[in-house]
Amino acid sequence: MKTDETFAPGLKGVIACETGISLLDTEQEKIIIRGHDLIDLSQGKTYADMVYLLLEGALPDDSERKKLEDKLKAHYDVPENVTEILKMLPEKTHAMDGQRTAISVLAGYDEKIDDRSTSVNKERAYELLGQLPMITVNSYRILHGKAPVKPDPELSYSANFLYMITGEKPTELQADIFDRSLLLYSEHEMPNSTFTSRVIASTNSDMYGALSGAVASLKGNLHGGANEAVMHMLNEADSVSGFEQLMKTKLENKEKIMGFGHRVYMNRMDPRALVMKESLRQLCDLKGDHTLLDMCEAGEEIMKDEKGLYPNLDYYAAPVYWMLGVPIPLYTPIFFSSRTAGLCAHIIEQHDNNRLFRPRVKYTGKELE
Ligand SMILES: CC(=O)SCCNC(=O)CCNC(=O)[C@H](O)C(C)(C)COP(=O)(O)OP(=O)(O)OC[C@H]1O[C@@H](n2cnc3c(N)ncnc32)[C@H](O)[C@@H]1OP(=O)(O)O
Ligand SMILES: O=C([O-])CC(=O)C(=O)O
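Residues numbered from 1 in each chain as written. Chains lettered and ligands numbered in written order. Predicted model: local features only at pLDDT ≥ 70, side-chain atom pairs only at ≥ 80, totals over all residues. Heavy atoms only, no water.

### What to know about the overall build of the protein
Part 1 of the argument: Counting its secondary structure elements, the protein contains 16 helices and three strands.
Part 2 of the argument: Since a compact globule built from 369 residues should have a radius of gyration of about 21 Å, the 21 Å found for the protein is in line with a globular shape.
Part 3 of the argument: A principal-axis box enclosing the C-alpha atoms of the protein has dimensions of 65 × 55 × 45 Å.
Part 4 of the argument: Residue burial in the protein is summarised as follows: out of 369 residues, 51% are buried.
Part 5 of the argument: At a minimum sequence separation of 6, the contacts of the protein that also span at least 24 residues come to 74%.
Part 6 of the argument: A total accessible area of about 17,600 Å² is found for the protein, and carbon and sulfur atoms account for 49% of it.
Part 7 of the argument: Here the protein contributes 42 positive and 56 negative side-chain charges, whose respective centroids are spaced 4 Å apart. (Helix = DSSP H or I, 4+ residues; strand = E, 2+ residues; numbered from the N terminus. Rg over C-alpha atoms; globule rule 2.2 N^0.38 Å. Buried < 20%, exposed > 50% of the residue type's maximum accessible area, 1.4 Å probe, protein only. Contact = heavy atoms within 4.5 Å. Areas by Shrake-Rupley, 256 points an atom, 1.4 Å probe, with all protein chains shown as cover. Lys, Arg positive; Asp, Glu negative; His and termini not counted. Charge placed at Lys NZ, Arg CZ, Asp CG, Glu CD.)

Okay, here's the thing in structure tokens:
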């Protein structure tokens, strides 16, 4: 029997599932999230609005948004044992692996672990989203020999997240830009991590397992790990001419340049990157130093001319996080924290309408002897 008629390397172009959550509509050039344009949402809505939209299916009114913020804050604390386990990890552990470990540990505290109903899954998602700032920031802090920090419930969810990261109360502009980055990162149709989480959920495995798999997927530099790699490149180059030279050398060596290219938007810039580029411009204006923006723009020109490739979100999120004072090892864990909203929506959808993922192969091994 031939099983290779539908083979597509990397599953390029393959429709993996039906979903009511999101679509990269390449004809209309829009990222549609439950009927809304993500870029429009980024101009007036908040990450909390996105969480509500993803998990409840519609945008919240003022009182629903307030209730959601209160619910997330009510879940800020994590069990003491999670912190103790993080303290036992080897010091070279990446914060992503700390985050993955902490999410795994939380499974053991869930008294309804075998319940996959929509209502319990949703409550679980809110609880995890509430816990993620503590998990994310404290994974990094503990692994870097720093004392764990506590959240400030007086601040909004995302302002508190940034406050826990930097130790300073953010200005309104800083908090808005960080919130926008979370909103932009929150959901993006069927990237590798979302596919991973749905594949795991499709065995009837639980949300913690599906999310742990997704953290591992997102860590790779072809996916979420690219935002950290971009910042390392910018720091290594340190100037516009240095960056141009670094990129040219990498291209001559046939290396991939992190932050460029995308499976879906190959011939144009990721629209989310444009929004982050404007945020970078605002932060540079405020500082009166446009070096990072100039470097990024020079890199954009080189990649367009030499490879016909354009920036993805990670390319501009990285310098924005740098300007906000975020330590580099937290860039990908922040992406994951934000994406947990979209991932949970996908895991719930998978559990609610499940069919086990079990594809076939194109066999290239020996024939039967
Ligand atoms: C928010 C996110 O997670 S966005 C993704 C973040 N990841 C990155 O920025 C990593 C860098 N980018 C890449 O590696 C790729 O563009 C991916 C992984 C995003 C998409 O991969 P694919 O769809 O499989 O495309 P693929 O890697 O086959 O690239 C197609 C061609 O463009 C080239 N190319 C793609 N991206 C890059 C890049 N960043 N630098 C240099 N060349 C590139 C490839 O070498 C390949 O060329 P070839 O046909 O001559 O061999
Ligand atoms: O869509 C993808 O393949 C990767 C991506 O941009 C994301 O997860 O935000």
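### Quick look at the site of ligand 2
Part 1 of the argument: His 188, Pro 191, His 223, His 262, Arg 272, Phe 335 and Arg 339 make up every residue found near ligand 2.
Part 2 of the argument: With respect to ligand 2, the side chain of His 262 contributes an N or O atom lying 2.8 Å from an oxygen atom.
Part 3 of the argument: Surface burial for ligand 2 is 83%, taken as the share of its 260 Å² of free accessible area covered by protein chains.
Part 4 of the argument: The cavity that encloses ligand 2 is the largest pocket. (Near = heavy atom within 4 Å. Polar contact = N/O pair within 3.5 Å; in protein donor to acceptor, adjacent residues only side chain to side chain. 1 Å grid on protein atoms, 1.4 Å probe; cavity = no way out; pocket = protein on both sides within 12 Å on 5 of 7 lines; lining within 4 Å. Sits in = over half its atoms within 2 Å of the grid points.)

### Details of the domain arrangement of the protein
Part 1 of the argument: The domains assigned to the protein are domain 1 (30-171 + 186-219 + 334-352) and domain 2 (226-323).
Part 2 of the argument: When each unit is reduced to the centre of its C-alpha atoms, the spacing between domain 1 and domain 2 is 27 Å.
Part 3 of the argument: On the domain 2 side, the residues contacting the ten residues of domain 1 number nine residues.
Part 4 of the argument: Taken over both partners, the interface formed by domain 1 and domain 2 buries close to 740 Å², and the fraction arising from carbon and sulfur atoms is 60%. (Domains from an automatic or database assignment. Buried area = accessible area lost by both parts, 1.4 Å probe.)

### Details of the sheet that holds strand 3 (residues 36-37)
Part 1 of the argument: What the three strands build is an open sheet, ordered 1-2-3; its pairing is antiparallel. What marks the edges here is a single partner per strand, and that holds for strand 1 (22-25) and strand 3.
Part 2 of the argument: As defined by bridge partners, strand 2 (residues 30-33) adjoins strand 3 across two bridges and the pair is classed as antiparallel. Bridge pairing in strand 3 links Ile 33 to His 36. (Pairing = 2+ DSSP bridges.)

### Examining the site of ligand 1
Part 1 of the argument: With respect to spatial proximity, 20 residues lie near ligand 1, and among them Lys 256, Ile 257, Gly 259, Phe 260 and Arg 263 are the closest.
Part 2 of the argument: Burial of ligand 1 by the protein chains amounts to 68% of its free accessible area of 910 Å².
Part 3 of the argument: When grouped by side-chain class, the residues that make up the shell around ligand 1 number nine nonpolar, seven polar and four charged. (Nonpolar A, V, L, I, M, F, W, Y, C, P; charged D, E, K, R; others polar.)

### Focus: the UniProt feature "active site" (unreviewed entry) in the protein
Part 1 of the argument: As recorded in UniProt, the feature "active site" (unreviewed entry) lies at His 262 and Asp 314. Of the residues just listed, which span 53 residues, no C-alpha pair is farther apart than 10.7 Å, and they cluster in one region. Taking the annotated residues in turn, His 262 and Asp 314 line the largest pocket.
Part 2 of the argument: With residues near it in sequence (within four places) discarded, His 262 still touches Leu 24, His 188, Arg 272 and Asn 312.
Part 3 of the argument: For His 262, the side chain forms a polar contact with the main-chain nitrogen of Val 264, separated by 2.9 Å.
Part 4 of the argument: Among all residues touching Asp 314, those that are not within four sequence positions of it are Tyr 185, His 223, Gly 224, Ala 226, Asn 227, Val 230 and Phe 335.
Part 5 of the argument: A distance of 2.5 Å separates a polar atom in the side chain of Asp 314 from a polar atom in the side chain of Tyr 185. (UniProt positions renumbered as here; feature names shortened; annotations may be inferred.)

### Thoughts on the layout of surface pockets
Part 1 of the argument: The space that makes up the largest pocket amounts to roughly 1,700 Å³.
Part 2 of the argument: Pro 191, Asn 192, His 262, Arg 263 and Val 264 are, among the 49 residues lining the largest pocket, the residues nearest its centre.
Part 3 of the argument: Counting residues per element, the ones that place at least two in the lining of the largest pocket are strand 1, helix 9 (192-201), helix 14 (291-307), helix 15 (313-323) and helix 16 (331-352).
Part 4 of the argument: When residues of the lining of the largest pocket are assigned to their parent elements, the largest contribution, three residues, is made by strand 1.
Part 5 of the argument: For the lining of the largest pocket, the residue count by class is 23 nonpolar, 15 polar and eleven charged.
Part 6 of the argument: Residue-level mapping places the lining of the largest pocket at the junction of two domains, with at least three residues from each of domain 1 (30-171 + 186-219 + 334-352) and domain 2 (226-323).
Part 7 of the argument: Approximately 640 Å³ is the volume attributed to the second largest pocket.
Part 8 of the argument: Lining the second largest pocket are 25 residues, with Val 14, Ala 16, Phe 357, Arg 358 and Pro 359 sitting closest to its centre.
Part 9 of the argument: Going through the elements one at a time, helix 9 and helix 16 are the ones with two or more residues in the lining of the second largest pocket.
Part 10 of the argument: It is helix 9 that provides the largest number of residues to the lining of the second largest pocket, a total of three residues.
Part 11 of the argument: Looking at the lining of the second largest pocket residue by residue, the class counts come to 13 nonpolar, four polar and eight charged. (Points joined across faces, edges and corners; volume = space filled by probe spheres on them.)

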